[in-house]
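Architecture at a glance
Listed below are the residues making up each chain.
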Amino acid sequence: MEYPKFVPEGWNKVCNMMTNEELNTAYKNNEIIAGIVKECDSNYNLHIDFGNDIKGIIPMQEVEAINIDKAGNPNPNTCVNKVNKIVQFKVKQINDDDVYILSRKQVGQEALNWITNDLKEGEVVHGIVRNIRPYGVFVEIGGGVVGLLHIEDISVARIKTPLERFKIGQKIDVMVKCVNKESKRVLLTYKELLGTWEDNIKAFSQGETVEGIVRETEKNKNGIFIELRPNLVGLADYVDGVDYGQVVNVNIRKIIPEKKKVKLVIVK
């Protein structure tokens, strides 16, 4: 599978030691490189230490291409929060004293152009979980660009919180569900990467007993939905004494391919 050139900050291994030759090559080739922010100074410039007594500076105006004010500056807290974090940048300029002026903004702008011109629905991209809210997960997909993965697009099995599936900093692949070219907003989906009903049912046989996770109990007590896999849910007859999230043993009473249904019995 071919992925786009943009990957989230921190996806690739960062080399803490770079030579002048390597940095000069990155400058000539307009390459995206990454480093760890060592300091944010009083003017909100970010400092990168490449080792070998080689220093790089990301001026405040070059820190961000997204969520900036009319003057093109990011919120100062954005700069402060980058300390000890991995950031991507390009070498914008080389000073006479061999101090490298870097730009994270250039990478972000290219990523925004990528969204506008190249990113397509159905495309699979790398992502890193940056924030988790009750309604969904914010996933960086490259160049500081963040897409929203709604909770209903995480799996076929309904969950109460995305924390049941993900943690901050986790690396995941996601599929692009929708791209708004004007607002440059991206909606993502995850469940499409977990296999179809037909794919998942192959692991199970009628009559066997397996473990499942209680996901939903119908209010009218007609049944209990059991997750066999994130994208495979069966319905068991209602019994008392089981709670959401509980692991239970279930017998697969019947598999109905034409209706994509699985009938289960909870085994106590």
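Structure: above.
Structural notes, computed from the coordinates.

Rules behind the numbers
- Residues numbered from 1 in each chain as written.
- Predicted model: local features only at pLDDT ≥ 70, side-chain atom pairs only at ≥ 80, totals over all residues.
- Heavy atoms only, no water.
- Helix = DSSP H or I, 4+ residues; strand = E, 2+ residues; numbered from the N terminus.
- Rg over C-alpha atoms; globule rule 2.2 N^0.38 Å.
- Buried < 20%, exposed > 50% of the residue type's maximum accessible area, 1.4 Å probe, protein only.
- Contact = heavy atoms within 4.5 Å.
- Areas by Shrake-Rupley, 256 points an atom, 1.4 Å probe, with all protein chains shown as cover.
- Lys, Arg positive; Asp, Glu negative; His and termini not counted.
- Charge placed at Lys NZ, Arg CZ, Asp CG, Glu CD.
- Phe/Tyr/Trp six-rings, centres within 6.5 Å; stacked < 30°, edge-to-face > 60°.
- Lys NZ or Arg CZ within 6 Å of the ring centre and 35° of its normal.
- Polar contact = N/O pair within 3.5 Å; in protein donor to acceptor, adjacent residues only side chain to side chain.
- Pairing = 2+ DSSP bridges.
- Axes fitted to C-alpha atoms, helices over the stretch in contact; angles between N-to-C directions.
- Core = buried A, V, L, I, M, F, W, Y, C linked by side-chain atoms within 4.5 Å.
- Salt bridge = Lys/Arg side-chain N within 4 Å of Asp/Glu carboxyl O.

This part takes up the overall build of the chain. When helices and strands are tallied, the chain shows four helices and 15 strands. Taking 18 Å as the expected radius of gyration for a compact globule of 268 residues, we find that the chain reaches 24 Å, considerably beyond that expectation. A total of 268 residues make up the chain; the buried ones form 43% of that total. Counting contacts in the chain only where the partners sit at least 6 residues apart, residues at least 24 apart contribute 61% of the total. Within the structure as shown, the chain displays about 14,600 Å² of accessible surface, and the carbon and sulfur contribution to it stands at 47%. Between the averaged position of the 37 positive side-chain charges in the chain and that of its 37 negative side-chain charges there is a distance of 7 Å.

To continue, consider the packing of aromatic side chains. Across all of its chains, the model carries three aromatic pairs by this definition. Ring geometry for F166 against Y190: centres 5.0 Å apart, planes inclined by 85 degrees, an arrangement best described as edge-to-face. Remark: Y190 occurs in the loop between β10 (185–189) and α4 (197–201) and F166 occurs in the loop between β8 (145–150) and β9 (171–180); sequence separation between them is 24 residues. If you follow K160 out to its NZ or CZ, it ends over the ring of Y244, 4.4 Å from the centre. Above the ring of W11, the side-chain terminus of K171 is found at 5.7 Å from the ring centroid.

Time to look at the side chain of E140. Tracing the backbone through its elements, the reader meets E140 in strand β7 (residues 136–142). Looking at E140, its side chain comes within polar contact range of the main-chain nitrogen of E9, at 3.2 Å. Discounting residues that sit within four places of it in the chain, E140 has contacts with P8, E9, H126, G127, I128, R130, V145 and V146.

Quick look at the pairing of strand β14 (residues 247–256) now. In the sheet, strand β11 (residues 209–217) pairs with β14 via five bridges, with the strands oriented antiparallel. Note that in β14 the partner of V210 across the bridge is V250. Remark: four residues form the turn of the hairpin made by β14 and strand β15 (residues 261–267), two consecutive strands paired antiparallel; K260 in that turn has positive phi of roughly 50 degrees.

We now examine the sheet that holds β9. In spatial order, the strands read β6-β7-β8-β10-β9; together these five strands close into a barrel with mixed pairing. Across the sheet, the mean angle separating the axes of adjacent strands is 50 degrees when strand polarity is ignored. Of the pairings in the sheet, the one linking β7 to β8 comprises six bridges and is antiparallel in character. Opposite F138, over in β8, you have L148 as the bridge partner. The strands touched by helix α3 (residues 104–117) within the sheet are β6 (124–133), β7, β8, β9 and β10, with β8 carrying the most contacts at an inclination of about 50 degrees.

This next bit is on the sheet that holds strand β5 (residues 100–103). As summarised here, the arrangement of the five strands in space is β1-β2-β3-β5-β4, forming a closed barrel in which the pairing is mixed. Adjacent strand axes in the sheet meet at a mean angle of 50 degrees, parallel and antiparallel pairs treated alike. Pairing between strand β1 (residues 33–40) and strand β4 (residues 86–94): four bridges, direction antiparallel. Directly across from A34, in β4, lies its bridge partner Q88. Sitting on the sheet, α3 touches β3 (54–58), β4 and β5, and the angle it makes with β4 is about 110 degrees.

The subject of this paragraph is the pairing of β4. Sheet topology note: the β4/β5 ladder contains four bridges and is antiparallel. Bridge pairing in β5 links K90 to S103. Taking the residues between adjacent antiparallel strands as the criterion, β4 and β5 are bridged by five residues, where D98 takes a positive phi near 60 degrees.

This part covers the nonpolar core. Within the largest apolar cluster, 27 residues are counted, with the highest numbers of intra-cluster contacts made by W114, L119, V137, I141, L149, F166 and L188. At the level of secondary structure, the elements contributing two or more residues to this core comprise α3, β6, β7, β8, β9 and β10. Among the elements that make up this core, the one with the highest residue count is α3 (five residues). Counting 19 residues, the second-largest nonpolar core is a separate cluster that includes L23, V37, I48 and C79.

With that out of the way, let us pick up the pattern of salt bridges. Across all of its chains, the model carries 13 salt bridges by this definition. Between R104 and E9 there is a salt bridge, with the nearest N and O atoms lying 2.8 Å from each other. Residue R104 is located in helix α3, and its partner E9 is located in the segment before α1 (20–29); the two are separated by 95 residues in the primary sequence. Note that E227 is salt-bridged to R165, the shortest N-O span being 3.0 Å. Taken together, the residues E227 in strand β12 (residues 224–229) and R165 in the loop between β8 and β9 connect sequence positions 62 residues apart. Judged by relative accessible area, E227 falls into the buried class, the value being 5%. Among the ionic contacts, a cluster of salt bridges with common partners joins E164, R165, R215 and E227.

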